[in-house]
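For reference, the chains in residue letters:
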Amino acid sequence: MKTTLLRSLTCVLATAALASSSCGAEQTRAEKIRAKLDSADRDYVFVTMHRGDWRNAPENSIGAIEGSIAKGADIVELDVSATKDGEYVLLHDGTLDRVSNGKGRSLDLTLEEIGQYRLKSSNGKELTDYKILTLKEALAITKGRILVNLDKFPRDPHGIAEYVKKLGMEKEVILKGYFMPGELKKKMKEHWAGIEDGTFYYMPILNLNFSGKKESKSEEASAWSIKVFEAWQAQNRVPGAYELCIAKETPVVVLERLKAMQKDGGPRIWINTLWDSLCAGHTDERGFKGDPDGSWGWALENGATMIQTDRPVELIKYLESKGRRNL
């Protein structure tokens with residue numbers, strides 16, 4: 001099985017390389033999705049699969065990526081981590097322990113060392129023949145087929161941006177983080193120009209309130225989110241979207257302002273329906289267990305045109321029933 005998987009990856013890489021070298025080809029699916037993302041259309045809702053199709057394959061694996069494409073997602077979220085020798089691999093935690101038969105931080109291991117380990121199944125109990133993917137391998141699989149949300153981008157903004165640019169994939173990735181504009185500019189250095197001209201799609205993350213017991217912390221989080229939002233809105237080119245983490249059902253200034261902007265094609269609203277603290281309890285499981293209006297419907301009511309989910313099949317079916325999936 002291991003040989004088959006490795007051979008399959010080789011075929012995928014070869015096919016992607018051939019496709020990228022074709023001249024005069026019609027617009028790829030990824031290009032169509034990016035064009036829609038850049039448009040003023042606020043009817044279509046983009047579906048992002050969290051760590052790929054992890055219910056049916058190990059997270060961040062070939063199978064998880066292919067499953068995302070097969071299920072019709074627009075974006076696959078992948079987690080980037082650096083190695084000791086300056087390469088990039090897909091690991092959410094930055095360590096091998098939870099997801100593979102290896103141990104330790106990727107930063108303490110070379111790519112060759114990491115390559116000897118295999119990923120565990122989704123339940124963490126069985127060892128599979130899937131290997132830990134490099135970022136290059138992952139982007140070769142996604143090229144032209146689906147957009148990629150590179151989570152953990154703040155781990156190395158300049159290095160990751162440079163890596164993506166060398167692969168010619170700037171238009172097919174979404175970068176995100178908690179940075180103020182000036183901070184990100186310093187970290188990205190010469191690649192900041194890609195943010196300013198819209199080549200790179202950068203999405204600020206805003207924690208709109210705090211789910212802890214101290215009300216003062218909630219107030220601090222809301223005040224900070226307003227500062228970050230206003231700083232980005234003051235840029236010559238405002239972000240195409242904001243990822244909003246909504247812990248509680250309380251009035252939030254930033255959310256209301258963004259909702260009001262939707263009718264004029266303002267920045268998109270990205271909402272995660274993954275767990276309670278990200279969507280005030282309006283989770284995928286709520287939708288999966290029979291209350292889709294109380295889950296994904298709530299996200300739509302709050303202006304979301306980008307939803308990150310762990311239940312893509314059910315979410316897409318729901319969005320189609322609402323006429324929100326006409327690409």
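### Describing the overall build of the protein chain
Thought 1: Along the backbone of the protein chain there are 14 helices and eleven strands.
Thought 2: Among the 327 residues that make up the protein chain, the fraction classed as buried is 52%.
Thought 3: The contacts in the protein chain between residues at least 6 apart in sequence include a share of 69% that link residues at least 24 apart.

### Digging into the state of the cysteines
Thought 1: Applying the stated criterion to the full structure yields zero disulfides.
Thought 2: Cysteine Cys245 is unpaired, with the sulfur of Cys279 as its nearest cysteine sulfur at 9.9 Å.
Thought 3: Since its relative accessible area comes to 5%, Cys245 is described here as buried.

### As for the packing of helix 6 (residues 157-166) against helix 7 (residues 181-188)
Thought 1: Relative orientation of the contacting elements helix 6 and helix 7 amounts to 60°, with a least axis distance of 7 Å. With respect to their mutual orientation, helix 6 and helix 7 come out oblique. Between helix 6 and helix 7 lies a crossing whose hand is right-handed. The residues of helix 7 that touch helix 6, namely those facing Pro157, His158 and Ala161, are Leu184, Lys187 and Met188.
Thought 2: Across the contact of helix 6 with helix 7, the residue classes tally to four nonpolar, one polar and one charged.

### Quick word on the packing of aromatic side chains
The relation between two aromatic rings is expressed through the spacing of the ring centres and the mutual angle of the planes.
Thought 1: In total, this model carries seven aromatic pairs according to the counting rule given.
Thought 2: Consider the rings of Tyr44 and Phe46, whose centres lie 5.0 Å apart with planes at 80°: the pair is edge-to-face.
Thought 3: Note on Tyr44: relative accessible area 3%, which makes it buried.
Thought 4: Members of the aromatic cluster, each reached through a chain of ring pairs, are Phe153, Trp192, Tyr202 and Trp232.

### Quick look at the pattern of salt bridges
Thought 1: Across all of its chains, the model carries 18 salt bridges by this definition.
Thought 2: In this structure, Lys131 engages Glu137 in a salt bridge whose closest nitrogen and oxygen atoms are separated by 2.7 Å.
Thought 3: A salt bridge links Glu243 to Lys176; its shortest N-O distance comes to 2.8 Å. Taken together, the positions of Glu243 in strand 9 (residues 241-245) and Lys176 in strand 7 (residues 173-177) put the pair 67 residues apart, joining distant regions of the chain.
Thought 4: For Glu243, a relative accessible area of 5% puts it in the buried group.
Thought 5: Owing to a relative accessible area of 3%, Lys176 belongs among the buried residues under this scheme.

### So, the environment of Thr273
Thought 1: Here Thr273 shows up in the loop between strand 10 (268-272) and helix 11 (276-279).
Thought 2: Considering only alpha carbons, one finds Thr273 and Trp298, 25 residues apart in sequence, at a separation of 9.8 Å.
Thought 3: Of note is the side chain of Thr273, whose polar atom sits 2.7 Å from the side chain of Asp284.

### Digging into unusual backbone geometry
Thought 1: One non-glycine residue with positive phi stands out, namely Lys152, at about 65°.
Thought 2: Mapped onto the elements, Lys152 comes out in the loop between strand 6 (147-151) and helix 6.
Thought 3: Using a relative accessible area of 22% as the deciding quantity, one classes Lys152 as partly exposed.
Thought 4: In the Ramachandran plot, Ala280 falls in the positive-phi region, its phi being about 50° despite a non-glycine side chain.
Thought 5: Its place among the elements puts Ala280 in the loop between helix 11 and helix 12 (284-288).

### Regarding the pairing of strand 1 (residues 46-49)
Thought 1: Covered by surrounding structure in strand 1 are Phe46 and Thr48 together with Val47 and Met49, the residues of both alternating faces.
Thought 2: Sheet topology note: the strand 1/strand 11 (residues 304-309) ladder contains four bridges and is parallel. Each residue of the ladder has a partner; that of Val47, found in strand 11, is Ile307.
Thought 3: Strand direction decides the pairing type here: strand 1 and strand 2 (residues 75-82), joined by two bridges, are parallel. Paired with Met49 across the strands is Val76, a residue of strand 2.

Calculation rules
Residues numbered from 1 in each chain as written. Predicted model: local features only at pLDDT ≥ 70, side-chain atom pairs only at ≥ 80, totals over all residues. Heavy atoms only, no water. Helix = DSSP H or I, 4+ residues; strand = E, 2+ residues; numbered from the N terminus. Buried < 20%, exposed > 50% of the residue type's maximum accessible area, 1.4 Å probe, protein only. Contact = heavy atoms within 4.5 Å. Disulfide = S-S within 2.5 Å. Axes fitted to C-alpha atoms, helices over the stretch in contact; angles between N-to-C directions. Parallel < 35°, antiparallel > 145°, perpendicular 65-115°, else oblique. Left-handed = near helix turned anticlockwise from the far one by under 90°. Nonpolar A, V, L, I, M, F, W, Y, C, P; charged D, E, K, R; others polar. Phe/Tyr/Trp six-rings, centres within 6.5 Å; stacked < 30°, edge-to-face > 60°. Salt bridge = Lys/Arg side-chain N within 4 Å of Asp/Glu carboxyl O. Polar contact = N/O pair within 3.5 Å; in protein donor to acceptor, adjacent residues only side chain to side chain. Pairing = 2+ DSSP bridges.

So far we have only geometry, and geometry alone does not tell us how the molecule works.
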